[in-house]
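A structural walkthrough
Chain residues, written in single-letter form:
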Amino acid sequence: MNDNQKRILRLKQEHALPQEEWFALFSSWTPDDREFAAVHAKEIAQKKFGNRIYVRGLIEFSNYCKNDCLYCGIRRSNANAERYRLTEDTILECCHAGYQYGFRTFVLQSGEDGAYGPEKLIPLLKKIRQTYPDCAITLSAGEYSYETYQAFFDAGATRYLLRHETADPCHYAKLHPEKMSWEKRIQCLHDLKKAGFQTGCGFMVGSPFQTVEHLVKEMLFIHDFQPEMVGIGPFIPHKDTPFRNEKSGSVELTLFLLSLLRLQQPDLLLPATTALETLEHQGREKGILAGANVIMPNISPDDVRKKYLLYDNKFNGGLKENILDSPLRKQMQKIGYEIVIDRGDHGA
Ligand code: SAM
């Protein structure tokens, strides 16, 4: 067993590594180490969740955004983005269909759309909560005040996804316009926890300027913050952004990080993301085999799916049938897993 494999086993036992051990690991890991981590992460995931995969129905309800993140295809200054905003009725229809398909979590995601602020979102959340008392509602709509997060929670949202994007403030400044602040982002994550949400943070793997030191900081930040969910996926360039000529993040590194996250925090809700599937055929299966336990099929209406284009060639597969009759279920069964009709709460 080599030194990296010893580090991976230490992580499995202690659920933490010191900074210098992370640095050594990220500086020298090999495909063999990645495989080794995956075997152990899969074992830990199976101990926690058996062969159960949780699914979430993803509704991308608006691609308007007031922010101008340098990496993102729906950034404000992308004049080529075809903007759309689903009506409340359409969102409720998506939930209705999603419920019939077997989803017991709805994820409502959007850009930071001023026209879809709390005055519209709170009544919508209340309606979904009332209609589907047995479902979890995840919101992913960006930065708000503590009071607004509390109001979203009180209206019935149960989880909130807000990727921190990077654990390093200087790196954050290279990925975002001056107006956006890392400190604010982190404050939001703490506010979300305080409001009672199962909270998800996360980052892009291989985003421009990302270094080994940054990866070390990611693992330490997540260890300290102890989120209930972590969303990571490879960075993928979008042709209408300043990062159009940057390289995509590595699938191998994303899979390695999924395994390390599982070993660090065994009960984490960890999705195999769309970005992974976009870069790699059967990327979601590989994500599950690396230790992920969640999949988020798109249940947005067909005509808007290709407009929520965060990056080039975004995987566009959605779901239009009962999840138990779906090709996705067969894909999971092929690798030994079973999709379950369940809210899939943290700690359940
Ligand atoms: N507005 C909400 C927010 O900021 O959290 C949610 C929507 S935002 C578009 C969702 C996530 O997409 C971001 O947190 C970011 O990590 C990811 N993303 C955006 N552009 C990307 C790209 N080019 N490659 C990979 N992921 C990207």
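Residues numbered from 1 in each chain as written. Predicted model: local features only at pLDDT ≥ 70, side-chain atom pairs only at ≥ 80, totals over all residues. Heavy atoms only, no water.

Let's talk about the site of the ligand
Going by this rule: Here a residue counts as near a molecule or strand whenever at least one of its heavy atoms sits within 4 Å of it. Polar contacts, as counted here, are pairs of nitrogen or oxygen atoms within 3.5 Å of one another; within protein the pair requires one atom able to donate a hydrogen and one able to accept it, and residues that are adjacent in sequence qualify only if both atoms are side-chain atoms. Exposure was quantified through the Shrake-Rupley algorithm and a 1.4 Å probe, taking into account, for residues, occlusion by the shown protein chains and nothing else. Amino acids are sorted into nonpolar (Ala, Val, Leu, Ile, Met, Phe, Trp, Tyr, Cys and Pro), charged (Asp, Glu, Lys and Arg) and polar (every other residue, Gly among them).
In the vicinity of the ligand, 18 residues are found, and the nearest of them are Tyr71, Ser110, Arg163, Glu165 and Ile236. Backbone polar atom of Tyr71 to a nitrogen atom of the ligand: 3.0 Å apart, as the coordinates give it. The protein chains hide 92% of the 560 Å² of surface that the ligand would expose on its own. For the shell around the ligand, the per-class residue count stands at ten nonpolar, five polar and three charged.

Points about the sheet that holds strand 7 (residues 229-234)
What links the strands of a sheet is backbone hydrogen bonding, and the strands pair in either a parallel or an antiparallel sense. Using the following cut-off: Paired strands are those between which DSSP finds at least two bridges. The way it works is that DSSP assigns letters per residue, a run of H or I at least four long becomes a helix, a run of E at least two long becomes a strand, and they are numbered from the N terminus. Axes, fitted as lines to C-alpha atoms, cover a helix only where it is in contact. Angles between the N-to-C directions of the axes lie from 0 to 180 degrees. Here, residues are in contact when the closest pair of their heavy atoms is within 4.5 Å.
If you trace the six strands from one edge of the open sheet to the other, you get 2-3-4-5-6-7, paired in parallel fashion. Each of the sheet's edge strands pairs with one partner strand only, and the pair in question is strand 2 (57-62) and strand 7. Strand after strand, the sheet turns through a mean of 20° between neighbouring axes, direction not considered. In this structure, strand 6 (residues 198-205) lies alongside strand 7, joined through six bridges in parallel fashion. When the bridges of strand 7 are listed, Val205 appears paired with Pro234. Packing of helix 5 (residues 118-131) onto the sheet brings it into contact with strand 2, strand 3 (105-110) and strand 4 (136-140), and relative to strand 4 it is tilted by some 160°. Contacting strand 5 (159-161) and strand 6, helix 8 (residues 182-195) crosses the sheet at an angle of about 155° to strand 6.

Here's the deal with empty space enclosed by the protein
We apply this condition: Whether a set of points on the 1 Å grid over the protein atoms alone is a cavity depends on a 1.4 Å probe fitting there but being unable to get out, while an open set qualifies as a pocket with protein on both sides within 12 Å along at least five of seven lines; lining residues are those with an atom within 4 Å of a point. Grid points are joined across faces, edges and corners, and a volume is the space filled by probe spheres set on the points.
On inspection of all chains with the given rule, the structure shows two cavities of 30 Å³ or more. The volume enclosed by the second largest cavity comes to roughly 50 Å³. In this structure, the second largest cavity is lined by Ala45, Gln46, Phe49, Gly50, Arg52, Ile53, Ala292, Asn293 and Tyr337. Element by element, the count of residues in the lining of the second largest cavity is highest for helix 3 (residues 31-49), at three residues. Per-class residue counts for the lining of the second largest cavity are five nonpolar, three polar and one charged.

Quick notes on the packing of helix 5 against helix 6 (residues 146-154)
Condition: For classification, angles of less than 35 degrees are called roughly parallel, those exceeding 145 degrees roughly antiparallel, those between 65 and 115 degrees roughly perpendicular, and all remaining angles oblique.
At their nearest, the axes of helix 5 and helix 6 sit 8 Å apart, and the two run at 25° to each other. By the angle between their axes, helix 5 is roughly parallel relative to helix 6. Here Pro118, Leu121, Ile122 and Leu125 of helix 5 lie close against helix 6, whose contacting residues are Thr148, Ala151 and Phe152. Within the contact of helix 5 with helix 6, the residues separate by chemical class into six nonpolar, one polar and no charged.

Structural notes on the side chain of Glu143
Stated precisely, the cut-off is as follows: Any residue under 20% of the maximum accessible area for its type is buried, any over 50% is exposed, and the rest in between are partly exposed; the area is computed with a 1.4 Å probe on protein chains only.
With respect to the helices, strands and loops of the structure, Glu143 is situated in the loop between strand 4 and helix 6. Given the relative accessible area of 14%, Glu143 is considered buried. Looking at Glu143, its side chain comes within polar contact range of the side chain of Lys184, at 3.5 Å. Setting aside its immediate chain neighbours within four residues, Glu143 contacts Glu112, Tyr149, Leu162, Tyr172, Lys184, Arg185 and Cys188.

Observations concerning the packing of aromatic side chains
Geometrically, a pair of aromatic rings is defined through the distance of the ring centres and the angle of the planes. As a reminder of what qualifies: The criterion for an aromatic pair is that two Phe, Tyr or Trp rings (for Trp, the six-membered ring) have centres within 6.5 Å, with stacked assigned to planes under 30 degrees apart, edge-to-face to planes over 60 apart and tilted to the rest.
Tallied over the entire structure, the rule returns 15 aromatic pairs. Aromatic pair Trp22 and Phe26: ring centres 5.5 Å apart, planes at 10°, arrangement stacked. With Trp22 and Phe26 both in helix 2 (residues 19-28) and four residues apart, this pair spans about one turn of that helix. Of the aromatic side chains, those joined through ring pairs into one cluster are Tyr144, Tyr149, Phe152, Phe153, Tyr160 and Phe197.

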